[in-house]
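Listed below are the residues making up each chain.
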Amino acid sequence: MATHRLPPFSRPTRTPTGRPITALICAVAVGAAAACAPSQGAVAPSPAAAAPASAGVGQSTGTLGAPGIGDPDFPGDGNGGYDVRHYDLRLSYDPSSRKLAGSATIEAKAVQDLTSFDLDLHGLTVSRVSVDGAAASFSRSKDELVIEPARRIRNGDGFAVTVDYSGVPEPMHDSANLGRYGFIATPDGAFVTCEPNGAKTWFPSNDHPADKATYDFQITVPEGLTAIANGEMAGTPRTAAGKTTFVWREKHPMASYLATMTTGKFQVRTGTSEKGLPIYAAVADSFRGSLDTLFTQTGKITDYWSTVFGPYPFSSTGGVIDDYAAGYALENQTKPIYGGFSPEPAIIAHELAHQWFGDSLSIGRWRDLWLNEGFATYAEWLWAEHTGQYTADSAFRRYYENAADPMWTYPPGAARADDLFSAAVYNRGAMTLHALRREIGDQKFFPLIRAWADAHRHGNVTTQEFVALAERVSGKDLKGLFDAWLFQPKRPAPVT
Ligand SMILES: [Zn+2]
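The following paragraphs examine the structure supplied in this document. (Residues numbered from 1 in each chain as written. Predicted model: local features only at pLDDT ≥ 70, side-chain atom pairs only at ≥ 80, totals over all residues. Heavy atoms only, no water.)

Attention now goes to the packing of helix 5 (residues 392-401) against helix 6 (residues 423-440). The geometry of helix 5 relative to helix 6 is characterised by a closest axis approach of 10 Å and an angle of 125° between their N-to-C directions. Of the possible angle classes, the one that applies to helix 5 and helix 6 is oblique. For the crossing formed where helix 5 meets helix 6, the hand is left-handed. On helix 6, the residues touching Ala392, Asp393, Phe396, Tyr399 and Tyr400 of helix 5 are Asn427, Met431, His434, Ala435, Arg437 and Arg438. Classifying every residue of the contact of helix 5 with helix 6 by side-chain character gives six nonpolar, two polar and three charged. (Axes fitted to C-alpha atoms, helices over the stretch in contact; angles between N-to-C directions. Helix = DSSP H or I, 4+ residues; strand = E, 2+ residues; numbered from the N terminus. Parallel < 35°, antiparallel > 145°, perpendicular 65-115°, else oblique. Left-handed = near helix turned anticlockwise from the far one by under 90°. Contact = heavy atoms within 4.5 Å. Nonpolar A, V, L, I, M, F, W, Y, C, P; charged D, E, K, R; others polar.)

In this section: the nonpolar core. Counting 145 residues, the largest nonpolar core has Trp202, Trp305 and Phe466 as its most contacted members. Trp305 has contacts with Gly310, Ala349, Leu352, Ala353, Trp356, Ala379, Leu382 and Trp383, leaving out every residue within four places of it along the chain. (Core = buried A, V, L, I, M, F, W, Y, C linked by side-chain atoms within 4.5 Å. Buried < 20%, exposed > 50% of the residue type's maximum accessible area, 1.4 Å probe, protein only.)

With respect to the element layout, Gly76 can be found in the loop between helix 1 (21-28) and strand 1 (82-94). The spacing of Gly76 and Ala66 is ten residues in sequence and 9.2 Å in space, taken between C-alpha atoms. Among residues more than four places away in sequence, those in contact with Gly76 are Pro67, Gly68, Asp120 and Glu144.

Another aspect to go through is the sheet that holds strand 3 (residues 117-120). Working definition: the strands of a sheet are paired by backbone hydrogen bonds and lie parallel or antiparallel to each other. Across the sheet, which stays open at both edges, the three strands sit in the order 3-7-6 with antiparallel pairing between neighbours. Where the open sheet ends on each side, the last strands, each with one partner, are strand 3 and strand 6 (137-141). Between one strand axis and the next, the sheet turns by 25° as a mean value, whatever way the strands run. (Pairing = 2+ DSSP bridges.)

Every α-helical turn comprises 3.6 residues, leaving residues that sit three or four positions apart pointing alike. Look at helix 6: 25 Å from first C-alpha to last across 18 residues, which is about the 26 Å you get at 1.5 Å a residue. The buried fraction of helix 6 is high, at 16 of 18 residues. Where helix 6 terminates, the next one or two residues include Gly441, which has phi positive at roughly 85°. (Expected span 1.5 Å × (residues − 1).)

On the secondary structure map, Gln355 appears in the loop between helix 3 (345-353) and strand 22 (362-363). Looking at Gln355, the relative accessible area reads 0%, which means it is buried. The contact partners of Gln355, leaving out residues within four places of it in the chain, are Tyr312, Pro313, Phe314, Glu331, Asn332, Gln333, Thr334, Pro336 and Ser360.

In this model, Glu195 is joined to Pro196 through a cis peptide bond whose omega is 5°. Here Pro196 lies in the loop between strand 10 (189-193) and strand 11 (213-222). Unusually for a residue other than glycine, His458 sits at a positive phi of about 65°. Tracing the backbone through its elements, the reader meets His458 in the loop between helix 7 (442-455) and strand 23 (460-461).

Another aspect to go through is helix 7. Compared with an ideal rise of 1.5 Å per residue, which puts 14 residues at 20 Å, helix 7 spans 19 Å between its outermost C-alpha atoms and is within 8% of the ideal. Looking at helix 7, one finds that the buried residues are Phe445, Phe446, Leu448, Ile449, Trp452 and Ala453. Across the axial projection of helix 7, the buried residues extend over an arc of 150°, all falling on one side. The exposed residues of helix 7 that point more than 90 degrees off its buried face are Gln443, Asp454 and Ala455. Contacts from the buried residues of helix 7 go to helix 2 (291-308), helix 4 (370-386), helix 6, strand 23 and helix 8 (463-474). (Arc of directions from axis to C-beta.)

So, in structure tokens, the structure goes:
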């Protein structure tokens, strides 16, 4: 996600209405003035203080699946007892009534015996649940959908649960400093950005990045609208009785918060990058003047990152500008979305870098968020370096010189649930990578970054794994460097 800050040396871009993006972003980070101001930080636990969450394995009681996947800072997110393999989502949305009707089939594998398990679902009315074709009983408790299959599911068995549901989706807006996210209705459709846990606002899910899965989407909207999801479109949209159905498939594993079903009136341009990668770019009508720039920059930057980070991890790239003034961008897999502004290249570079760091390599617990945002912010500096605007070293020094910056009291290696998207996670995270680059040199640093992206392609990662790889590639003991930059609530000693 790129939010409440611009690259260190860029001027604010202006929206079509002439308001600077920075002001817009702060104004629209709903209910969260704090989102615009870095927190004062807190003493963080040591990196080893909490075990990483592992996919599908929460703390369970007997044969009951756990209501959380085991993330210590987001205990209700995700679920335990099973591992999702695939989501098949059949969805119909009517912007005039704001009603969503869905049937979600979730293919999963049990990692323990299960007489009961949970899915995450926020609001909406469930009409029927079946497991392997047999009706199952279910109940609701806050954002948990608790399912009791007719027969016990055995440890190791695959199963398919189908949930039929409908209602008016309600976005999330109650989490500290996260703003408004999830399924957000717009006059002509919906703007759907779900980090960190808003997938449950539109489909029942194991809503945590520790459990990635592949996706099929079949989305029906009134004729004349476009429905955009992840991956690639399968076939031509079909129209019947005034409604059009779009079929999309994301065949690579994806974290639930990166899924989207953004819909509305869009201008679309498709084609390929110079390296031959398919591109899908879409802009709301009011941003039609930005379509060609979005298309061209997206192809160019994706191609460039593939020379820096290694092969692009997915089978298409793209971008969407919607006219909902979120004031932030999110790295939805294969199709970053820009909420109500034409992104400057630095923001596109940030979101596309996330395709490697955040999307292909996903964190297993939210406190490791610097592995997403530190890398994507550092990518902005690398892009500036590549295009001759400023060097990463000058950006680093500029931040370092401000001894009063609140980020020095917020250790970015332990992102806080109550201030998850702190500027410290972004900027001090990026500075960590630059301090590492200075310590081990470009000859080791860039091969390390490529090795990192390659070793964990489509998987989950932890900070400890990155530290271990950095030490292996460089042959140096780097524990002191990472401890000072990621885990101490004070400004590290100057980098020599
Ligand atoms: Zn980001």
